Amino acid sequence: MTIETTGWIEKFEGLRRLPEDIKSVLIAGSQVLSVPAGTEIFAPGQSADNLLLLLDGTVRVQQKSETGREVILYRVNAGESCVLTTACMLAFEDYAADGVAETDVTAVAIPRATFDDLAGRSPLFREFIFKAYSRRITDLFTLINDIVFQRMDVRLAQRLLELADATDTIRATHQQLANELGTAREVISRTLSEFHRRGWIEQARGEVHLTGKVGLERLVKAAGTI
């Protein structure tokens, strides 16, 4: 469904500073779209034809290995753009990962023609693109560092603390947690069993309840991650 609006440009700090003539070109050449949760936004092998700027919702970007293991690379939230799409559009490369709407999503689609035009003639538009690109690349390096060098028990403890809701409950399966951290389900299951033995969590089907947050926080703090 297309939502006709022009106010979206004010939601992005880097775009608010654009001259009025550039704003007009950007608005005229773009489209605001809504898709339901679960929609595949892009997939490996597809061409990147539109830069998406999220107005509402979350898009999960993930990669799957030949063995079927998945790792979540990052999430795109409201007010952000997708760095993989930016990279593919700049390099004229196809996608090498999946993008899935984790919630209902509203986004601005900037087609390649408009993207190329404004990137070529507006320094402020280029600055907006590359600042977002730089921030996300830094996040990806942090992810790589965590996967390679950080202990799994520390990473899992930190992610449980991040995902817990107001009732200290995480609604996720062992496989979903494994995808979050780029590891095998069996590793998550063993680590959760150890957390349970220590009295830090209780488990139910598709849920983890934090019963000893202090212990988890102490583990993370001792590793120097917070």
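It should be noted that the structure appears before, not after, this text.
Counting of residues starts from 1 at the beginning of each chain's written sequence and follows it residue by residue. Local features in this predicted model are restricted to residues whose pLDDT is 70 or higher, and side-chain atom pairs enter the listing and the counts only when it is 80 or higher, whereas totals over whole chains, interfaces and linings include all residues. Each side-chain value is derived from all of the structure's non-hydrogen atoms; neither hydrogens nor water enter the calculation.

## Looking at the packing of helix α2 (residues 20-28) against helix α4 (residues 112-121)
Now for step 1: To define axes, lines are fitted to C-alpha atoms, for helices over the stretch in contact only, and angles between the resulting N-to-C directions are given on a 0 to 180 degree scale. We count a stretch as a helix when DSSP gives it H or I for four or more residues in a row; a strand needs E for two or more, and each element gets its number in order from the N terminus. Two numbers describe how α2 lies on α4: the axes approach to 10 Å, and their chain directions differ by 165°. Here α4 runs roughly antiparallel to α2, going by the angle between their axes. The way α2 lies across α4 gives a crossing that is left-handed. The segment α2 lies against α4, with I22, V25 and L26 engaging T114, D117, L118 and R121.
Now for step 2: Among the residues making up the contact of α2 with α4, the classes are represented as 4 nonpolar, 1 polar and 2 charged. Throughout this description, any angle smaller than 35 degrees is read as roughly parallel, any larger than 145 degrees as roughly antiparallel, any in the 65 to 115 degree range as roughly perpendicular, and the remainder as oblique. A clockwise turn of the near helix away from the far one marks a right-handed crossing, whereas an anticlockwise turn of less than a right angle marks a left-handed crossing. Residues count as neighbours in contact if any of their non-hydrogen atoms are within 4.5 Å of one another. In this count, Pro and Cys sit with the nonpolar residues alongside Ala, Val, Leu, Ile, Met, Phe, Trp and Tyr, while Asp, Glu, Lys and Arg are called charged and the others, Gly among them, polar.

## Here's the deal with the layout of surface pockets
Now for step 1: Any residue with an atom within 4 Å of a point lines the site, the site being either a cavity, points on a 1 Å grid over the protein atoms alone where a 1.4 Å probe fits but cannot get out, or a pocket, an open set with protein on both sides within 12 Å along at least 5 of 7 lines. Grid points are joined across faces, edges and corners, and a volume is the space filled by probe spheres set on the points. Space inside the largest pocket adds up to approximately 450 Å³.
Now for step 2: Along the wall of the largest pocket there are 19 residues; nearest its centre are L73, D139, L143, D146 and R159.
Now for step 3: Elements supplying a minimum of two residues to the lining of the largest pocket: β5 (70-77), α5 (123-149), α6 (152-163) and α7 (174-181).
Now for step 4: Here the element with the most residues in the lining of the largest pocket is α5; it accounts for 6 residues.
Now for step 5: Residue composition of the lining of the largest pocket, grouped by class: 6 nonpolar, 5 polar and 8 charged.

## A short note on the pattern of salt bridges
Now for step 1: Each reported salt bridge corresponds to a side-chain nitrogen of Lys or Arg within 4 Å of a carboxyl oxygen of Asp or Glu. This model, assessed by the stated rule, comprises 18 salt bridges.
Now for step 2: Between R112 and D116 there is a salt bridge, with its nearest N and O atoms 3.9 Å apart. Here D116 and R112 lie together in helix α4, a separation of 4 residues that amounts to about one turn.
Now for step 3: Among the salt bridges present, the one from E194 reaches R197, with a minimum N-O distance of 2.6 Å. With E194 and R197 both in helix α8 (residues 185-197) and 3 residues apart, this pair spans about one turn of that helix.
Now for step 4: For R197, a relative accessible area of 61% translates into the label exposed. Buried residues are those whose accessible area, probed at 1.4 Å on protein chains only, stays under 20% of the maximum for their type, while exposed residues exceed 50% and partly exposed ones sit between those limits.

## Observations concerning the environment of T191
Now for step 1: Positionally, T191 belongs in helix α8.
Now for step 2: With a relative accessible area of 12%, T191 lands in the buried category.
Now for step 3: The sequence separation of T191 and I110 amounts to 81 residues, and the corresponding C-alpha distance is 43 Å.
Now for step 4: Those residues within four positions of T191 in sequence are excluded, and the remaining contacts are M152, D153 and L156.

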